[in-house]
Amino acid sequence: MTFLRESYIVFRRQMRMNLRNPAWVIIGMLQPVLYLFLFGPLLKPLADQFGADNAYTFFVPGLLVQLGIFGAFFAGFSLIAEWRDGVIEAERVTPASRTALLVGRLMRDVSQLFVQALILVGLGYVLGMRASWRGVVLGISLTLLLGAACAAASNALALSTKSEDVMAPVINMVMMPVLLLSGILLPMTLGPTWLIRASDFMPTRWVVDAVRGSFDGTFASSAMLWGIAWTLVLFTGALWWGTSTFRKENA
Amino acid sequence: MIHARGLVQTFETKQGRTKTEVRAVDDVDLDVAEGEVVGFLGPNGAGKTTTLRMLTTLLRPTAGTATVAGYDVVREAEQVRRSIGYVSQSGSTGGTARAGDEVMDHGMLYGMSSEDARRRGRELFDQLELDGLWDRQPKSMSGGQRRRLDIAMGLIHEPSLVFLDEPTTGLDPQARANLWTHIADLRDRRGATVLLTTHYLDEADHLSDRIVVIDHGKIVASDTPDNLKAQVSGDLVDLEVADAAHVATAAERLGTVASDVEVDVQHVRGRVQRAGVVIPGLLRDLDQAGITLTSIEVRRPTLDDVFLTVTGRSLRDG
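As the structure is a prediction and not an experimental result, all values here were calculated from the model.

Colleague: Give a description of the pairing of strand β1 (residues 2-15) of chain B that names residues and reports values.
Modeller: Residue and element names in this part refer to chain B. Note that β1 and strand β4 (residues 63-68) share 5 bridges and pair antiparallel. By the bridge assignment, Arg 5 is partnered in β4 with Thr 65. Where β1 folds back onto strand β2 (residues 18-32) in an antiparallel hairpin, the turn is made up of 2 residues, including Gly 16, whose phi is positive at roughly 65°.

Colleague: Break down the pattern of salt bridges for me, citing the residues and quoting the values.
Modeller: One pass over the full model with this rule turns up 34 salt bridges over all chains. With a shortest N-O distance of 3.5 Å, B:Glu262 and B:Arg269 are connected by a salt bridge. What makes B:Glu262 partly exposed here is its relative accessible area of 44%. Put simply, B:Arg269 and B:Asp264 hold a salt bridge, and the shortest N to O gap is 3.6 Å. The structure contains a network of salt bridges with shared partners spanning A:Arg12, A:Arg16, A:Arg20, B:Asp101 and B:Asp105.

Colleague: Account for the nonpolar core, with residues named and values stated.
Modeller: Taken as a class, soluble globular proteins show a tendency for nonpolar side chains to be buried jointly. By size, the foremost hydrophobic cluster in this structure holds 124 residues, and its most contacted members are B:Leu55, B:Val68 and B:Phe163. Among the elements that take part in this core, helix α7 (residues 133-161) of chain A stands out by supplying 13 residues, more than any other. Apart from the residues within four sequence positions on either side, B:Leu55 is in contact with B:Ile2, B:Ala4, B:Leu7, B:Leu30, B:Ala66, B:Val68, B:Val73, B:Val80, B:Ile84, B:Phe163 and B:Leu195. Core analysis: the second largest hydrophobic core is formed by 15 residues, B:Leu239, B:Val247, B:Ala258 and B:Leu282 among them.

Colleague: Could you give me a rundown of the interface of chain B and chain A, with the residues and numbers involved?
Modeller: One widely used convention gives an interface's size as the accessible area the parts lose upon coming together. With 30 residues of chain B in contact, the opposing surface of chain A contributes 25 residues. Three residues, B:Leu58, B:Arg81 and B:Leu109, lead the burial of chain B against chain A; their summed loss comes to 27% of the area buried on that side. Taken together, chain B and chain A are joined by 6 salt bridges. A salt bridge links B:Asp101 to A:Arg20; the shortest N-O distance between them is 3.4 Å. At the junction of chain B with chain A, the criterion picks out 11 residue pairs in polar contact (both at pLDDT 80 or more). If you list the elements that add at least two residues to the side of chain B that touches chain A, you get α2 (77-83) and α3 (99-109) of chain B. Here the side of chain B that touches chain A gets 6 residues from one element, more than from any other, and that element is α3(B). The class makeup of the residues in the side of chain B that touches chain A is 8 nonpolar, 13 polar and 9 charged.

Colleague: I'd love a proper account of the packing of aromatic side chains, names of residues and values included.
Modeller: Enumeration over the complete set of coordinates arrives at 5 aromatic pairs over all chains. When the ring of A:Trp206 is compared with that of A:Trp226, the centres are 5.7 Å apart and the planes differ by 35°; the resulting orientation is tilted. Taken together, the residues A:Trp206 in helix α10 (residues 203-216) and A:Trp226 in helix α11 (residues 222-247) connect sequence positions 20 residues apart. Accessibility expressed as a relative area gives 14% for A:Trp206, which makes it buried. One Lys or Arg, B:Arg122, reaches over the ring of B:Trp134 and ends 4.2 Å from the middle of that ring. Over the face of the ring belonging to B:Tyr200 we find B:Arg176, whose NZ or CZ atom lies 4.2 Å from the ring centre.

Colleague: How would you explain the packing of α3(B) against helix α5 (residues 143-155) of chain B if you had to name every residue and give the values?
Modeller: Residue and element names in this part refer to chain B. Where α3 contacts α5, the axes come no closer than 8 Å and their chain directions differ by 25°. By the criterion of interaxial angle, the relationship of α3 to α5 is roughly parallel. When the axes of α3 and α5 are compared, the crossing they make is right-handed. Where α3 abuts α5, its residues Ala 99, Glu 102, Val 103 and His 106 lie against Leu 149, Ala 152 and Met 153.

Colleague: An account of the sheet that holds strand β10 (residues 218-223) of chain B is requested, with residue identities and associated values reported.
Modeller: Residue and element names in this part refer to chain B. One open sheet accounts for 6 strands, arranged β6-β7-β8-β3-β9-β10; its pairing is mixed. Here the strands that pair on one side only, and so sit at the sheet edges, are β6 (84-87) and β10. Each neighbouring strand pair of the sheet contributes to a mean axis angle of 15°, computed without reference to strand direction. Of the pairings in the sheet, the one linking β6 to strand β7 (residues 161-165) comprises 4 bridges and is parallel in character. Pairing of Ile 84 across the sheet is with Leu 161, part of β7. Its contacts with the sheet place helix α6 (residues 173-188) against β3 (37-41), β7 and β8 (193-198), and it is angled at close to 160° to β7.

Colleague: Go over the layout of surface pockets with me, naming the residues and quoting the values.
Modeller: Residues and elements named next belong to chain A. Approximately 800 Å³ is the volume found for the largest pocket. Taken together, 31 residues make up the lining of the largest pocket; nearest its centre are Asn 18, Trp 24, Phe 74, Ser 78 and Gln 112. Residue assignment for the lining of the largest pocket shows that the elements contributing at least two residues are α1 (2-19), α2 (22-43), α3 (55-73), α4 (75-85) and α6 (98-126). Classifying every residue of the lining of the largest pocket gives 12 nonpolar, 15 polar and 4 charged. Estimated volume of the second largest pocket: approximately 480 Å³.

Colleague: Give me the lowdown on unusual backbone geometry, citing residues and values where you can.
Modeller: Residues and elements named next belong to chain B. If you check the backbone angles, Ala 69 has positive phi at about 55° while not being a glycine. By secondary structure assignment, the location of Ala 69 is in the loop between β4 and β5 (71-72). A positive phi angle, near 45°, is found at Glu 166, a position not held by glycine. By secondary structure assignment, the location of Glu 166 is in the loop between β7 and α6. By relative accessible area, which is 5% here, Glu 166 ends up buried.

About the cut-offs
- Residues numbered from 1 in each chain as written.
- Chains lettered and ligands numbered in written order.
- Predicted model: local features only at pLDDT ≥ 70, side-chain atom pairs only at ≥ 80, totals over all residues.
- Heavy atoms only, no water.
- Pairing = 2+ DSSP bridges.
- Helix = DSSP H or I, 4+ residues; strand = E, 2+ residues; numbered from the N terminus.
- Salt bridge = Lys/Arg side-chain N within 4 Å of Asp/Glu carboxyl O.
- Buried < 20%, exposed > 50% of the residue type's maximum accessible area, 1.4 Å probe, protein only.
- Core = buried A, V, L, I, M, F, W, Y, C linked by side-chain atoms within 4.5 Å.
- Contact = heavy atoms within 4.5 Å.
- Buried area = accessible area lost by both parts, 1.4 Å probe.
- Polar contact = N/O pair within 3.5 Å; in protein donor to acceptor, adjacent residues only side chain to side chain.
- Nonpolar A, V, L, I, M, F, W, Y, C, P; charged D, E, K, R; others polar.
- Phe/Tyr/Trp six-rings, centres within 6.5 Å; stacked < 30°, edge-to-face > 60°.
- Lys NZ or Arg CZ within 6 Å of the ring centre and 35° of its normal.
- Axes fitted to C-alpha atoms, helices over the stretch in contact; angles between N-to-C directions.
- Parallel < 35°, antiparallel > 145°, perpendicular 65-115°, else oblique.
- Left-handed = near helix turned anticlockwise from the far one by under 90°.
- 1 Å grid on protein atoms, 1.4 Å probe; cavity = no way out; pocket = protein on both sides within 12 Å on 5 of 7 lines; lining within 4 Å.
- Points joined across faces, edges and corners; volume = space filled by probe spheres on them.

Structural data, given as structure tokens:
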């Protein structure tokens, strides 16, 4: 109970600060819209080539996962600013649970992602995407878990490095292969065998496949199992990492 | 309120490939009684903040034990946190949040209800001359206001023991003097026990019952401000004599109340115990002898002087 209350206090504080910043709200909302309108049309004529009968049913899940990963990866930057202001230390000197200090912030990132996901999926339907509501619920759930994982990792990285100069190149280094080997924008099946094999080692490719599968209704596949399994592994691992960083006496 | 024994904190620093162990705090014993105001004095990097961070549960001691407000800082960290207020050097509020929200949220993290936190926050804003700033963003406040807001954050849950880390560093003299009255109120009006760190001797002198001098992670002196300063040979009095012919007489007169008198062209300098008491008489004396002064300067013993006395070396020798 106390834990939930403390997480909520931290969450409310974060939301209040974010919502007061109109740039943050507008950019956050605009991101999925721009992707959908500026990249979607490029994909439409290609859809047949890689065997998707509906370009948006293929494309929206990829975008969803991209939003989840990339938006959340940047969450740590605001934590560094807060650390510099002394906020983290002020919170750590209260009896509040250290885990709540992290969870409250993750709740902010996940709610932001949730709103973006709703906009993206809503617009997808408008543009002609066909997906069952069950599939959409599962897809969004997987995305939120993955987003929480990335936000937790980003926060952990921020609190251990405490420097934007270290964070930025690390995130770039991680994001490039994630973007290229997950089949977010184009399916990996278009590539040569060696590239497909390489992408097998990219956990997020499985997540993208699973979200895609859930949208087009192929629930009972091994790709779906792998995707769900990887999501849970990443979520648990990152949460553990984040929690232990926040709990560390010397952070 | 505080009993620390053998506190040690070591850090590893890397220079190229060689790792060296730095003992930031080296075997510190510290006792602070209830209702006492103790000034923790030392140059930058002496280990003041590190000691404070161990006592406030922010840093686990490498070795040694400490009980704060009756609780062990390692095993009973949560109870320690409940009992203490901490005003850190780096601030405590988000620049873009609103002052009142920050104080309320902070109180609620201590388990206060939102009504209690609001009521108490409003009270503190009144007492700390922050009225009208409830909705202000900390980044648009003056340095002095921000420090007072940090103090409000530290006092929201009415702690009986308050830690202040370099409370007036970077403030202009007026803001500093103003903050001093608020810090003095912590004990005088709230009955709190206070441990503050500073590298200003006048600050420690003005505020504390007892000064603990720390250097290279070790405590080198612990005494009342008066006793510490008594160890220094006194205030430096510098007289500038108008007429060069009177320099010798002036030196002789100064010599009746001062030690270590020296003459430097038209300047006559000497060390005087309690210059404030002695100078009126000295001035009358010089006046009667027909000596006119161009200027008079009195310098109180500085941290440098105390330091020189207790460590045998000047701060600047490093």
